[in-house]
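# Summary of the model geometry
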Amino acid sequence: MSKEKILINKIFSQRAFISLFLFILSFGFLVFQAEAVQIKKVYSGSVDLAADEFNKKVWIDDGTDATDGVNDDPATHTAVDTSKSIVFINWKGMLVDSDTYGAGFLAGEFYTEKILLISRQEVKSAGTVKWYVVEFQEGVKVQSGVSIIPELDKERYTSLPSSVDLDKAFMVVYPGCGKAKDVEGVRIKGEFLSPTQMKFSRGNAKELAIITWQAVEFLTDANIQSGTATIPAGSTSSGAVDINDVDPNKAFLIFSSTLDGNPDPDDAFVRGAITDNGSTITFNRTGTVGNVSIPWFVIEFTDESSLAQSGSKAMTTLNDSASITSVNLTRTFPLLSVAAGGGKNPDEAFVTGSFSSSTQIDFSRVEGDTTSYVDWQVVEFAPLTLTSPN
């Protein structure tokens, strides 16, 4: 073979090797990307509960009524992967008396992979629920269930179906109760005791309580820190609680709470926010009775495109709004926490949050006798990216 042919074959072999190397490298990059947090879609809707309705079912994909016998053709509806989907709800109305607090506490859970169930354990008056189902393509693991605290107990230990990484997990808790005569019986906190066990607790043993919970893991693209804050008896605020610094434009806060003593609703309803440009979190209420215990989670995105916005609103009217930087509503959901209520009446603490456009979040309530102090957050996930080589 001539020297020229040997040289040509050598050049082609080198090029083939480089091409193969680049292909393997790109394939590895795509596999890595497949493990990233990948949003698929945020489904949302609104549900009206009549005064005598304990629950209502809706089709997740279009928000229409899915109550038995109504629009009951499952083949025409799209399923979500419930192991990769989170349910968030907020509500207004559901006005209660001092012996029917349970009528004002609602839960959202998957009835099937196509149907969302909105429920409460007591009825008193009508109201409206805004719901959001956040479905992910990759990078998120969700476990969910229902736990019961018996009537004479203050706490319940619940085992997780599979273990979680506590550095990557947070909890969403929706407590409910029947004929609750004391608000502390239905203000219930949730916390992880270990990778395989959760604890739900309340300040006083009252009526039987039902907790709808979700344990969520962001397997990558997020840093999660957690702890427990306290608002002491006699105070309306936790003060600034130190956290590891986060970018407030890429982080959001989730929490639950309980309290002791003999409180009224204004003592029990707590709002929370990331403060001091991301170096602290702060919790507030309008009352001062009882010690409030608040397990919290701060979730900070580490990817380039996921974002969070937040603000506060003191509502003195039944409807209000706030301007936000434009978001993609198919990848965005709101979170609200409200401090309000006067005496035995918690109605001003029930406030809905929803989007009227990509640049505005709206707030609404049914009662306006006292001010509702709303801490709101808007969370937008990065767009879906290529996750496989095909």
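Residues numbered from 1 in each chain as written. Predicted model: local features only at pLDDT ≥ 70, side-chain atom pairs only at ≥ 80, totals over all residues. Heavy atoms only, no water.

### Concerning a nonpolar patch on the surface
Worth spelling out the cut-off: For patch building, the residue pool is restricted to those with more than 30% relative accessible area and no salt bridge; the joining distance is 9 Å between like charges and 5 Å between nonpolar side chains (Val, Leu, Ile, Met, Phe, Trp, Tyr). Each accessible area is a Shrake-Rupley estimate made with a 1.4 Å probe; only the visible protein chains count as cover when residues are assessed. For this analysis, a salt bridge means a side-chain nitrogen from Lys or Arg found within 4 Å of a carboxyl oxygen belonging to Asp or Glu. Segments assigned H or I by DSSP are reported as helices when at least four residues long, segments assigned E as strands when at least two residues long, and all are numbered from the N terminus. Exposure is judged per residue with a 1.4 Å probe applied to protein chains only, and the accessible area is read against the type maximum: over 50% gives exposed, under 20% gives buried, and values in between give partly exposed.
The grouping of V146, I148 and L208 at the surface amounts to a nonpolar patch, some 230 Å² of accessible area in total. Structurally, the position occupied by L208 is in the loop between β11 (197–201) and β12 (209–218). Residue L208 is classed as partly exposed on the basis of its relative accessible area of 40%.

### Let's talk about the sheet that holds strand β5 (residues 115–120)
Basically, it comes down to this: In this scheme, strands are said to pair when DSSP sees at least two bridges between them. Convention adopted: a line fitted to C-alpha atoms gives each axis, helices being fitted over their contacting stretch, and angles between N-to-C directions are expressed from 0 to 180 degrees.
Across the sheet, 3 strands lie side by side as β2-β5-β4; this open sheet has antiparallel pairing. This sheet does not close on itself; its edge strands, each paired only once, are β2 (55–59) and β4 (106–110). Strand-to-strand, the axes of this sheet are offset by a mean angle of 20 degrees, without reference to chain direction. By the bridge criterion, 5 bridges tie β4 to β5 in an arrangement that is antiparallel. Bridging from a neighbouring strand, G108 pairs with I118 of β5.

### Quick notes on the environment of F301
Tracing the backbone shows F301 in strand β19 (residues 292–301). Exposure remark for F301: the relative accessible area of 4% places this residue in the buried category.

### Some points on the sheet that holds strand β18 (residues 280–284)
If you trace the 3 strands from one edge of the open sheet to the other, you get β14-β18-β17, paired in antiparallel fashion. The strands lining the two open edges of the sheet, one partner per strand, are β14 (241–242) and β17 (271–275). Where β17 and β18 come together, 5 bridges link them in antiparallel fashion. Note on β18: the bridge partner recorded for I274 is I281.

### Examining the pattern of salt bridges
Oppositely charged side chains may form a pair once their charged atoms are brought near each other. Considering all chains together, one arrives at 7 salt bridges under this definition. A salt bridge links K199 to E155; its shortest N-O distance comes to 3.4 Å. Within this pair, whereas K199 is found in strand β11, its partner E155 is found in strand β8 (residues 155–159), the two being separated by 44 residues in sequence. In this structure K199 comes out as buried when scored by relative accessible area, which is 17%. Across the pair D375 and R271 runs a salt bridge whose closest N-O atoms are separated by 3.2 Å. Residue D375 is located in strand β25 (residues 372–380), and its partner R271 is located in strand β17; the two are separated by 104 residues in the primary sequence. Taken individually, D375 and R271 each receive the classification buried, so the pair is uniform in this respect.

### What about the packing of aromatic side chains?
Worth spelling out the cut-off: Each Phe, Tyr or Trp ring (for Trp, its six-membered ring) is paired with any other whose centre lies within 6.5 Å, and the angle between the two planes then decides the class: stacked below 30 degrees, edge-to-face above 60, tilted in between.
What the rule picks out here adds up to 17 aromatic pairs. An angle of 40 degrees between the planes, with centres 6.4 Å apart, marks the rings of W91 and F350 as tilted. Of the two residues, W91 is situated in strand β3 (residues 85–93) and F350 in the loop between β22 (332–339) and β23 (352–357); the sequence distance between them amounts to 259 residues. Like W91, the residue F350 is buried in the burial classification. Where F136 meets F218, the ring centres are 5.8 Å apart and the plane angle is 65 degrees; that geometry is what we call edge-to-face. Taken together, the residues F136 in strand β6 (residues 127–138) and F218 in strand β12 connect sequence positions 82 residues apart.

### Some details on unusual backbone geometry
Backbone geometry places D221, a non-glycine residue, at a positive phi of 65 degrees. In the Ramachandran plot, D276 falls in the positive-phi region, its phi being about 50 degrees despite a non-glycine side chain. By the secondary structure assignment, D276 is in the loop between β17 and β18.

### Here we look at the environment of L117
Worth spelling out the cut-off: We call two residues contacting when some pair of their heavy atoms lies within 4.5 Å.
Summarising the element assignment, L117 is placed in strand β5. According to the relative accessible area criterion, L117 is buried, its value standing at 14%. Beyond its immediate sequence surroundings of up to four residues, L117 is in contact with N55, K56, K57, A107, G108, E109 and Y111.

### Points about the confidence of the model for the protein
Rule in force here: By definition, pLDDT measures how confident the predictor is in each residue, and it falls between 0 and 100.
Put simply, the protein has an average pLDDT of 89, and 87% of its residues get 70 or more. Throughout residues 386–390 the model reports pLDDT below 50, and contacts reaching past four residues in sequence, or to other chains, amount to 9 contacts.

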